[in-house]
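So the chains spell out like this:
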Amino acid sequence: MEALNTMISSNLKIIGNRTCEKCGSSVPIIQTIRDGRTVEVSDCLTCDSNRVQDEAIRFKKDMDQRRGEIIFKKYSLIPDHLKNANFNNYEPVNESTSNAKKQAIWYANHFDELRDENSLLFQGKYGVGKSHLSYAIANYLKSDGKVVLFVSMPDMLNLLRESYSKNDFSETDILEVCKNADLLILDDMGAEYVKLDNGKESWAVDKIFTIVNSRMDKPNIFTTNYTSRELAAKYGNHGGRIVSRMMKGTKPIKIDAPDYRLKGW
Ligand SMILES: [Zn+2]
């Protein structure tokens, strides 16, 4: 302490130490002279640097969110009935839909604690509310400051196609935004058109693989009308790899409900 004191100017003197009540670091209490008066200062540098770091992270998230919203809002068509989708207005009609709702709410509430199993797959026929529950999760997490992207697979591919002829954003922009989102929701997997060219991988399948691959180990929600086997078959040679990446750390939730569009969906 003496050596350190002599090293810093005679106007600064370490007169003791305190433990930061916030982070537990040991913080020197420094006596100094300001405007001719002796004062004690004791700023926690750990907390200061954490604060700067947090601000930088928040700023980056904010930018990511805005970038994603600019790109996707313009080109991805979210049906009106989904825009207000939340957990309250999802009305289960049987045990399966009720279970799906419970799991969706649990997922949203525990999002920050999810580890190995951090993704969901809602599988079921058209009109059972897969998109509704996914969008409800998106709304919930967005209001919690998370960067969430919700896009249907057909819209995603249209967006990528359009990026080749538009100047507002590039394919790389789209892929980056998808890769960096806290949560990516790919709605209606398998509904996109994926023509296979003479046994070669089609452009669409290739893009789907790129996206799914970039999201491995990150939280995703997929919805699909197809079984995993049907999806794999649809995606041709890449099928097995796409589906195995999709299913890594993903909890499948099958929703069985009468085959009609339920109230409000
Ligand atoms: Zn501190």
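Every value quoted in this text rests on a predicted model; they were computed, and no experiment measured them.

The rules we used
Residues numbered from 1 in each chain as written. Predicted model: local features only at pLDDT ≥ 70, side-chain atom pairs only at ≥ 80, totals over all residues. Heavy atoms only, no water. Helix = DSSP H or I, 4+ residues; strand = E, 2+ residues; numbered from the N terminus. Buried < 20%, exposed > 50% of the residue type's maximum accessible area, 1.4 Å probe, protein only. Contact = heavy atoms within 4.5 Å. Areas by Shrake-Rupley, 256 points an atom, 1.4 Å probe, with all protein chains shown as cover. Axes fitted to C-alpha atoms, helices over the stretch in contact; angles between N-to-C directions. Parallel < 35°, antiparallel > 145°, perpendicular 65-115°, else oblique. Left-handed = near helix turned anticlockwise from the far one by under 90°. Nonpolar A, V, L, I, M, F, W, Y, C, P; charged D, E, K, R; others polar. Phe/Tyr/Trp six-rings, centres within 6.5 Å; stacked < 30°, edge-to-face > 60°.

Caption draft 1: View of the overall build of the protein chain. Tallying secondary structure elements over the protein chain gives ten helices and eight strands in all. The burial tally for the protein chain puts 41% of its 265 residues in the buried class. Residue pairs at least 24 apart in sequence account for 72% of intrachain contacts in the protein chain once pairs closer than 6 positions are excluded. Of the roughly 14,900 Å² that the protein chain leaves accessible, carbon and sulfur atoms contribute 50%.

Caption draft 2: Structural view of the packing of helix H4 (residues 95-109) against helix H5 (residues 130-142). Between H4 and H5, whose axes approach to 10 Å, the crossing angle comes to 25°. Accordingly, the angle class assigned to the pair H4 and H5 is roughly parallel. As for how H4 packs across H5, the hand of that crossing is right-handed. Contact residues: H4 offers Ala100, Lys101, Ala104, Tyr107, Ala108 and Asn109, while H5 offers Leu133, Ile137, Tyr140 and Leu141. Residues belonging to the contact of H4 with H5 are distributed by class as follows: eight nonpolar, one polar and one charged.

Caption draft 3: Summary view of the packing of aromatic side chains. Enumeration according to the criterion identifies four aromatic pairs in this entry. Measuring from centroid to centroid gives 6.2 Å for Phe87 and Tyr140, while their planes differ by 55°, and the two rings are tilted. Of this pair, Phe87 sits in the loop between helix H3 (80-83) and H4 while Tyr140 is found in helix H5, placing the two residues 53 residues apart along the sequence. Its relative accessible area of 11% is what places Phe87 among the buried residues. Judged by its relative accessible area of 34%, Tyr140 is partly exposed. Here Tyr164 and Trp203 contribute two aromatic rings whose centre-to-centre distance is 6.1 Å and whose plane-to-plane angle is 75°, an arrangement assigned as edge-to-face. Placement of the pair is Tyr164 in the loop between helix H6 (153-163) and helix H7 (171-180) and Trp203 in helix H8 (residues 203-214), with a sequence separation of 39 residues.

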